[in-house]
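# Remarks on the overall topology
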Amino acid sequence: MTTFGDLYRDVRKRFREANLETPDLDARLLMAAALEVSPSDLILREDDKVGDEQRLLALKYADQRLIGLPVGRILGEREFWGLRFRLNEETLEPRPDTETLVQAVLDRVSCEGSLVLADIGTGTGAIAVALLTELPNAVCAAIDISERALECARGNAARHGVAERLLPVRSDYASSLGAGVDWVLSNPPYIRTKVVEGLSREVREHDPGRALDGGTDGLDAYREIVPQALQCLSPDGRIALEIGFDQEQEVSELLRQCGFLHIEIIQDLAGNDRVVLAMRRESGAF
C-alpha cells in the first residue's frame, strides 16, 4: 500500500526530472490538496496510507502540472496575504509581490479610521479583500471590466467575511467613480506587449491576456488610471500602484505631470521597485 510519503516523493521526483521551476513546492501543494491535509501535515503524516481515490486524484494533479497547468489553476485557488482566493478564467493569479502594495497601504493608515478604497482591475479581489480583513471600518469599490472577475471577487469577499464592505463595480478603470475616495489602488497590466510572448508557459497560456499586456511600453493602463484617480480622490487622497521593476521613472513622471506629490517608491522582498505611492495635493508627508 502506498503511503503519503511514498506518493509525495514519487511526484516530486517526476517534477524534478521535468525541470519544473519549483518541483518540491508544487509536489507538496498538489499532494496535500489531493490527500486533504495541510502541506505541513503531509510530512508529519507520511506513513498514512493513501486511498485509491486519493491516489487517482493525486496522479491527475501531477499529470496536469506536467503538461503546463499552474498549481493555482489545477486547484482553482491561490494563497495571498494568508488567505485562499478562488480563481476563474477571467482572473490573474495573485502573486506574492503584490502583498508589497497591501503592506504599504497598511503602514500608512489607521486600522480604526473609516476609509473609502477603490481597487482598479480587482480580478480575484485579492488586494481589496486583504485590506478589508485588516481594516474593519473600510469599504472598497472593487472595479473590473469583466463581470466574471467581479463574480470571483464577490465570492472571495464572502469567503473571508467582508462581502458587505466590498462594492463590485463593472467599469473601465476608474471612469465611473465619484469624488471622495481616500485610496486608489491598482495592480494594472504593465508588461510590454513584446515581452508577453516570452513569458513562461504557465503565465502566457493561463492568465488572461488583458491582465498582463500593458501595451507597447507597458504604460497604457497608468495613462488611464492616474488622471482618473486625480478626479475621484479626496483632497488628501492617495494612490498606490504596482509597477514593473523598471517602470519607476516613467510612472513617477506621469504622476508628477498630473499634479501628484510626495511620490515614494517601495521595493519588494527581492529588492525590486514594486509600488509607487503618491498624494493628491500638498498635505504633509506620508
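Residues numbered from 1 in each chain as written. Predicted model: local features only at pLDDT ≥ 70, side-chain atom pairs only at ≥ 80, totals over all residues. Heavy atoms only, no water.

A word on the overall build of the protein. Tallying secondary structure elements over the protein gives 12 helices and nine strands in all. What you see for the protein is a C-alpha radius of gyration of 21 Å, in line with the 19 Å of a compact globule of 286 residues. Along the longest, intermediate and shortest principal axes, the C-alpha atoms of the protein span 70 × 40 × 35 Å. Per-residue burial for the protein yields a buried fraction of 48% across its 286 residues. Long-range contacts, defined as pairs at least 24 residues apart, comprise 66% of the intrachain contacts of the protein with a sequence gap of at least 6. Looking at the protein as shown, the accessible area adds up to about 13400 Å², and 48% of this sits on carbon and sulfur atoms. (Helix = DSSP H or I, 4+ residues; strand = E, 2+ residues; numbered from the N terminus. Rg over C-alpha atoms; globule rule 2.2 N^0.38 Å. Buried < 20%, exposed > 50% of the residue type's maximum accessible area, 1.4 Å probe, protein only. Contact = heavy atoms within 4.5 Å. Areas by Shrake-Rupley, 256 points an atom, 1.4 Å probe, with all protein chains shown as cover.)

Quick look at the packing of aromatic side chains now. This model, assessed by the stated rule, comprises one aromatic pair. Consider the rings of F80 and F85, whose centres lie 6.2 Å apart with planes at 75°: the pair is edge-to-face. Residue F85 is classed as buried on the basis of its relative accessible area, which comes to 0%. (Phe/Tyr/Trp six-rings, centres within 6.5 Å; stacked < 30°, edge-to-face > 60°.)

All right, on to the sheet that holds strand β8 (residues 261–267) then. Spatial strand order, β5-β4-β3-β6-β7-β9-β8: seven strands in an open sheet with mixed pairing. In this open sheet, the two strands that pair with only one neighbour each are β5 (166–170) and β8. For this sheet the average axis-to-axis angle between neighbouring strands, irrespective of direction, equals 20°. Here strand β7 (residues 233–242) runs beside strand β9 (residues 273–279); their pairing, made up of five bridges, is antiparallel. Across the sheet, residue I239 finds its bridge partner in β9, namely A278. Its contacts with the sheet put helix α11 (residues 220–232) on β3 (115–120), β6 (181–186) and β7, and the angle it makes with β7 is roughly 160°. (Pairing = 2+ DSSP bridges. Axes fitted to C-alpha atoms, helices over the stretch in contact; angles between N-to-C directions.)

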